[in-house]
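Spelled out, the chains give:
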Amino acid sequence: MACPLYKLLLFIGLLILQVIATCKATLIAEQDDRVSELGWQVVYDPPKLRMDMETVQNISVRIDHIKASDLDDIHVVQLRSEHEHVAWAENGTIVLETLVASTSYNGTFNIVANFLGQTNFYVELTRKSGTSERIVSSTLPVTVIRPERVIDHVFTGSVILLISILYINFGAALDVGALKQIARRPIGPAIGFICQFVFMPLLSFGLGHLLFPNNYELQLGLFFTGVSPAGGASNIWTVALGGNLTLSIAMTTISTLAAFGMMPLWLFTLGRTIFERANLVVPYSRIAYTAIGLIVPISAGLLIQRYCPRFSKLLVRILKPMSVILILFIVIFAIVTNLYLFELFSWQIVVAGLGLPWIGYCFGFLASHLMRLPLADSLAISVETGIQNTGIAIFLLRFALEQPAADLTTVMPVSNAIMTPLPLLLLLIGMRIHARTKRRAENVLIPKTESDPVVTPS
């Protein structure tokens, strides 16, 4: 047992080193901007903008300390945006005529808000040689948000209600006796814990830096998804694939309880580096309120199990249907109410949505196989590792972040939710085809009984 565990820890260590190397390469690449040495001072009025999508706002630009000699080698001066898909300047060319009595420029421009996100406007000059330089004495930060609608409040309230009900069911379904039996030989839960709370957060962090080196909102969305362990859907898939249901439920219970400590731990440590690079404030209070908000319903479920056993049994029976309803509701409602998310889809987002669960399935199965666990246990651990609770991830992102970051990061758990069932569905279809083929082969090989007619040669 020591040798496979050593290999597992060695693999995780190598993954961390790869993530560090990726981060270093990203930081080096980001330092390759050409900054102008001219002493121009740029002032924007207003100094920052917050706009709704598909709106236009007028701003004033003033440039001071311009020398007549500065214009000799300049071909064109423009007001540019770092991310023009978010917002751009209409007719952004700045015309600097030969200066005689004045050394300043005053002009007005229309800023067009195109899509969700944040960008900075700056003055860029292009010299006659063709090289471009940025005037970075001042920038205009612009935030583009989506105007809130009634359906958004309905969606948020519905998610809160359904998750609260689901966690009451989880509390009612906790089987203390089964947990004691598994605790006597906790190899399976231990492997699952390492896979869920060590490997998956590191994998999501590494994939985020690899696929989105300059998009910190998507890194954050993928990381939130990676630290949200499996929910009720994993139990359903475990049953469908013939895995160990008792182990699956035990792992779901353990991961649900451990998530209250492990999720904040990852978000306040490794996740904090993403917040810092994205210039976002770590929402300590909101995450704490969210954790408390989940502890309350699960505690209510435990009280129902203790004092209302009949009602508790009813809650247990509807646990799986509730889990399916919650998953379908969040994914479908999120897609219908936020169709703009598909405009954000790229091959990197699709690869991330595929890679996180699929690599998780493989790692969980291989880790349990190396520890020589039965096939049913390996299937349960594999499913529990690969399936992330995207409902919780969306819930956390919606309440932990301000707009537009909350909307931009949601695309990752939505992509993950769409891609997660695909390999399990293909495996299930393959298993059914294999079982049917095997039964047909066995029927062909069954010898004829005495009641079968005997054909005699003529």
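Residues numbered from 1 in each chain as written. Predicted model: local features only at pLDDT ≥ 70, side-chain atom pairs only at ≥ 80, totals over all residues. Heavy atoms only, no water.

Draft legend 1. Region of the structure containing the overall build of the protein chain. Assigned secondary structure in the protein chain consists of 16 helices and nine strands. Burial status across the protein chain gives 48% buried among its 458 residues. Total accessible area on the protein chain stands at roughly 23600 Å², and carbon and sulfur atoms take up 63% of it. (Helix = DSSP H or I, 4+ residues; strand = E, 2+ residues; numbered from the N terminus. Buried < 20%, exposed > 50% of the residue type's maximum accessible area, 1.4 Å probe, protein only. Areas by Shrake-Rupley, 256 points an atom, 1.4 Å probe, with all protein chains shown as cover.)

Draft legend 2. Focus on the confidence of the model for the protein chain. Scored by pLDDT, the protein chain comes out at a mean of 75, with 76% of its residues at no less than 70. Confidence drops under a pLDDT of 50 for residues 1-9, and excluding neighbours within four residues, the segment shows eight contacts in the predicted structure. Below pLDDT 50 for its whole length, residues 23-33 participates in eight contacts with residues either more than four positions away or in separate chains. (pLDDT = per-residue confidence, 0-100. Contact = heavy atoms within 4.5 Å.)

Draft legend 3. Structural detail: the sheet that holds strand β8 (residues 117-127). Strands sit in the order β2-β9-β8-β4-β6 across an open sheet of five strands; the sheet is mixed. With one partner strand each, in any of the chains shown, β2 (49-52) and β6 (93-94) form the two edges of the open sheet. Pairing analysis gives two bridges linking strand β4 (residues 74-81) to β6, with the strands arranged antiparallel. Paired with Q78 across the strands is T93, a residue of β6. (Pairing = 2+ DSSP bridges.)

Draft legend 4. Quick peek at a nonpolar patch on the surface. Together, F311, L314 and I318 line one region of the surface with nonpolar side chains, adding up to about 240 Å² of accessible area. Exposure remark for F311: the relative accessible area of 42% places this residue in the partly exposed category. (Patch = residues over 30% accessible without salt bridge, like charges linked within 9 Å, V, L, I, M, F, W, Y side chains within 5 Å. Salt bridge = Lys/Arg side-chain N within 4 Å of Asp/Glu carboxyl O.)

Draft legend 5. Region of interest: the pattern of salt bridges. One pass over the full model with this rule turns up five salt bridges. With a closest N to O distance of 3.5 Å, E84 and R80 form a salt bridge. A relative accessible area of 42% places E84 in the partly exposed class. Judged by its relative accessible area of 25%, R80 falls in the partly exposed class. In this structure, R80 engages E124 in a salt bridge whose closest nitrogen and oxygen atoms are separated by 2.7 Å.

Draft legend 6. A look at the pairing of β8. With respect to burial, β8 is a largely interior element, nine of its eleven residues being buried. Direction of pairing for β4 relative to β8: antiparallel, over a ladder of seven bridges. What sits directly across from R80, in β8, is Y122. Two elements, β8 and strand β9 (residues 132-145), share nine bridges in a ladder whose sense is antiparallel.

Draft legend 7. Spatial organisation of the environment of L314. Tracing the sequence through the fold places L314 in helix α10 (residues 309-317). Look at L314 and you get partly exposed, because its relative accessible area is 37%. Separated by 142 residues in sequence, L314 and A172 place their C-alpha atoms 9.2 Å apart.

Draft legend 8. Just the sheet that holds strand β1 (residues 41-45), in detail. The strand order across the open sheet formed by four strands is β1-β3-β7-β5, and the pairing between neighbours is antiparallel. Looking at which strands have only one partner, the edges of the open sheet turn out to be β1 and β5 (87-90). Averaged over all neighbouring strand pairs, the angle between strand axes comes to 35°, with direction disregarded. Bridge count between β1 and strand β3 (residues 56-64): five bridges; the pairing is antiparallel. Note on β3: the bridge partner recorded for D45 is S60. (Axes fitted to C-alpha atoms, helices over the stretch in contact; angles between N-to-C directions.)

Draft legend 9. View of the nonpolar core. Counting residues in hydrophobic clusters, the biggest one holds 62 residues, and the most contacted among them are W40, I59, I63, L79, I111 and V123. A total of eight residues in this core trace back to one element, the largest contributor, which is helix α4 (residues 187-211). (Core = buried A, V, L, I, M, F, W, Y, C linked by side-chain atoms within 4.5 Å.)

Draft legend 10. Spotlight on the packing of aromatic side chains. This structure, assessed with the given rule, holds three aromatic pairs. Taking 3.7 Å as the distance between ring centres and 5° as the angle between the ring planes, the aromatic pair formed by F199 and F363 counts as stacked. On the criterion of sequence distance, the pair formed by F199 in helix α4 and F363 in helix α12 (residues 347-370) is long-range, its members being 164 residues apart. In this structure, F199 and F363 share a single accessibility class: buried. Measuring from centroid to centroid gives 5.9 Å for F205 and F223, while their planes differ by 75°, and the two rings are edge-to-face. A residue pair is termed long-range when its members are at least 10 positions apart, and F205 in helix α4 and F223 in helix α5 (residues 216-226) qualify at 18 residues. (Phe/Tyr/Trp six-rings, centres within 6.5 Å; stacked < 30°, edge-to-face > 60°.)

Draft legend 11. Broad picture of unusual backbone geometry. Of the consecutive residues D45 and P46, the connecting peptide bond is found in the cis state with omega at 0°. Positionally, P46 belongs in the loop between β1 and β2. One non-glycine residue with positive phi stands out, namely E54, at about 60°. Relative to the assigned elements, E54 resides in the loop between β2 and β3. The backbone of H65 sits at a positive phi, close to 65°, despite the residue not being glycine. By the element assignment, H65 lies in the loop between β3 and β4.

Draft legend 12. Representation of the packing of α4 against α5 within the structure. Contact geometry of α4 with α5 gives a least axis separation of 8 Å together with a crossing angle of 165°. In terms of their interaxial angle, α4 and α5 are classed as roughly antiparallel. Note that α4 runs across α5; the crossing there is right-handed. From α4, Q196, M200, P201, S204, F205, L207, G208 and H209 reach across to α5, where they touch Q219, L222, F223 and G226. When grouped by side-chain class, the residues that make up the contact of α4 with α5 number six nonpolar, six polar and no charged. (Parallel < 35°, antiparallel > 145°, perpendicular 65-115°, else oblique. Left-handed = near helix turned anticlockwise from the far one by under 90°. Nonpolar A, V, L, I, M, F, W, Y, C, P; charged D, E, K, R; others polar.)

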